[in-house]
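Commentary on secondary and tertiary structure
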Amino acid sequence: MIEVREDCSLKAYNTFDIDVKCKYFVESDDEEELRAFVAEYEWEPSEILILGGGSDFLFTEDFDGTVFYPHMQGMEIWKEDEKEVWVRVGAGVEWDDLVAWTVERGWGGIENLSLIPGHVGAAPVQNVGAYGMEAGERIEWVEAIELEKAVRVQIAGKNCRFAYRDSLFKTEWKNKYLITRVIFRLSKQPEFRLDYGALRQELAKVETPLTLSDVRQAVIRIRQAKLPDVKVLPNAGSFFKNPHVPRLQAERLREQYPEIPVYEVDEACCKLSAGWLIEQCGWKGRRLGKAGVYEKQALVLVNYGGATGVEIARLANEIRKTVFMKFGIWIEPEVYVM
Ligand code: EPU
């Protein structure tokens, strides 16, 4: 079914709980109906926004355009062999429902991504990642509507240029494709990925042999201890990306701050923890009006109730400035500030 609403509030559709409106809101759970609609509907590319679970956006003003809210449901086996299973999942499925469904069946590959808020359709855009795993590693195909041509297409995961919190859907293909379904390739023989320190520690308490469910439960415990529940304290997960810096710069910082967490990316480049940098600037737990920095994870900005998008954006800007002044690094938002 397709539903089009005018002057629609987006409050229920963004996890920061910001009360802004869009001009038109187009919701559909049927790709063919949506394709036919798109074939008739006219817009400027700058006037559209594709929204999933709404955990990637900070709205600072009303959106004077059309919001597409693809809501395709369903999780099914697409094909399988002895070792692997391919599952085809609707873009509107809650990401964590997919993880729970695959873990229950003993299919491995996304268990470390438990409890990440958002919809399946956002996984290829953001290349969601946590605890040493990224969704892009498991995305075989992305089904989408190519908006300008109003045709349905299937894009190979290997062509999406997945990188840290990034893909072509965020850059060159922005607003070109509307993702409707995603096909993931999962493993019938669990290959645990436990390189991440906090996860290894948490699992040390669990009896062997390990199961996918043990890993999922451990990830859930770690996340619940560190990250606020969007239903209680509206937020968008990590607000900033962890910055990549030249190795030389990371080494200089380590001389000055021996305890700074530095992760190797490649020969030329290292990754730093934005959360650590922000905490060192004294922001952890601080508030500016109704917006604040979460007390247990400085990478997460929260709406303490009734904050506007502008208030949260202002806080983010203050944080960026102080991090630059202390460390010489501009941290970049992971969420789109609209
Ligand atoms: N740290 C601090 N203070 C803080 C936060 C972190 O000192 O307030 C330090 C930690 O002690 C640790 C390091 O920074 O040494 C890394 O922290 P953590 O393990 O919490 O991970 P992160 O780098 O802050 C990233 C992702 C999270 C993901 C975790 C686990 C990004 C932007 N964020 O956070 O993703 O859950 O790793 O893999 O890459 C999200 O995207 O919404 C999200 C929560």
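Structure report, in brief. (Residues numbered from 1 in each chain as written. Predicted model: local features only at pLDDT ≥ 70, side-chain atom pairs only at ≥ 80, totals over all residues. Heavy atoms only, no water.)

Looking now at the environment of Ala 274. Structurally, Ala 274 can be placed in helix H7 (residues 274-280). Between the C-alpha atoms of Ala 274 and Val 323, which are 49 residues apart in sequence, the distance is 8.9 Å. When near neighbours in sequence (up to four residues on either side) are disregarded, Ala 274 contacts Phe 240, Lys 241, Asn 242, Pro 243, Leu 299 and Ile 331. (Helix = DSSP H or I, 4+ residues; strand = E, 2+ residues; numbered from the N terminus. Contact = heavy atoms within 4.5 Å.)

Right, let's get into the site of the ligand. Taken together, 24 residues form the shell around the ligand, and within it Tyr 131, Tyr 164, Arg 165, Tyr 196 and Glu 279 come nearest. Asn 242 is positioned such that a nitrogen or oxygen atom in its side chain is 2.8 Å from an oxygen atom of the ligand. Lys 284 places a polar side-chain atom, nitrogen or oxygen, 3.4 Å from an oxygen atom of the ligand. For the ligand, the accessible surface in isolation is 820 Å², of which the surrounding protein chains cover 82%. (Near = heavy atom within 4 Å. Polar contact = N/O pair within 3.5 Å; in protein donor to acceptor, adjacent residues only side chain to side chain. Areas by Shrake-Rupley, 256 points an atom, 1.4 Å probe, with all protein chains shown as cover.)

Let's shift gears to the sheet that holds strand S7 (residues 84-90). The strand order across the open sheet built from five strands is S6-S7-S12-S10-S11, with neighbouring strands paired in antiparallel fashion. Strands with a single pairing partner mark the edges of an open sheet, and in this sheet they are strand S6 (75-80) and strand S11 (151-156). Mean inter-strand twist for the sheet, computed between neighbouring axes without regard to direction, equals 25°. Here seven bridges tie strand S10 (residues 139-146) to strand S12 (residues 177-187), and the two strands are oriented antiparallel to one another. Counted as the bridge partner of Glu 146 is Tyr 177 from S12. On the sheet, helix H2 (residues 95-104) packs against S6, S7 and S12 and is oriented at approximately 50° with respect to S6. (Pairing = 2+ DSSP bridges. Axes fitted to C-alpha atoms, helices over the stretch in contact; angles between N-to-C directions.)

Among the eight residues in strand S5 (residues 63-70), seven count as buried, and that is most of the element. With six bridges joining them, strand S2 (residues 21-28) and S5 adopt parallel strand pairing. Looking at S5, one finds that Glu 27 is bridged to Tyr 69. By the bridge criterion, three bridges tie strand S3 (residues 48-50) to S5 in an arrangement that is parallel. For Ile 50, the partnering residue across the bridge sits in S5 and is Phe 68. (Buried < 20%, exposed > 50% of the residue type's maximum accessible area, 1.4 Å probe, protein only.)

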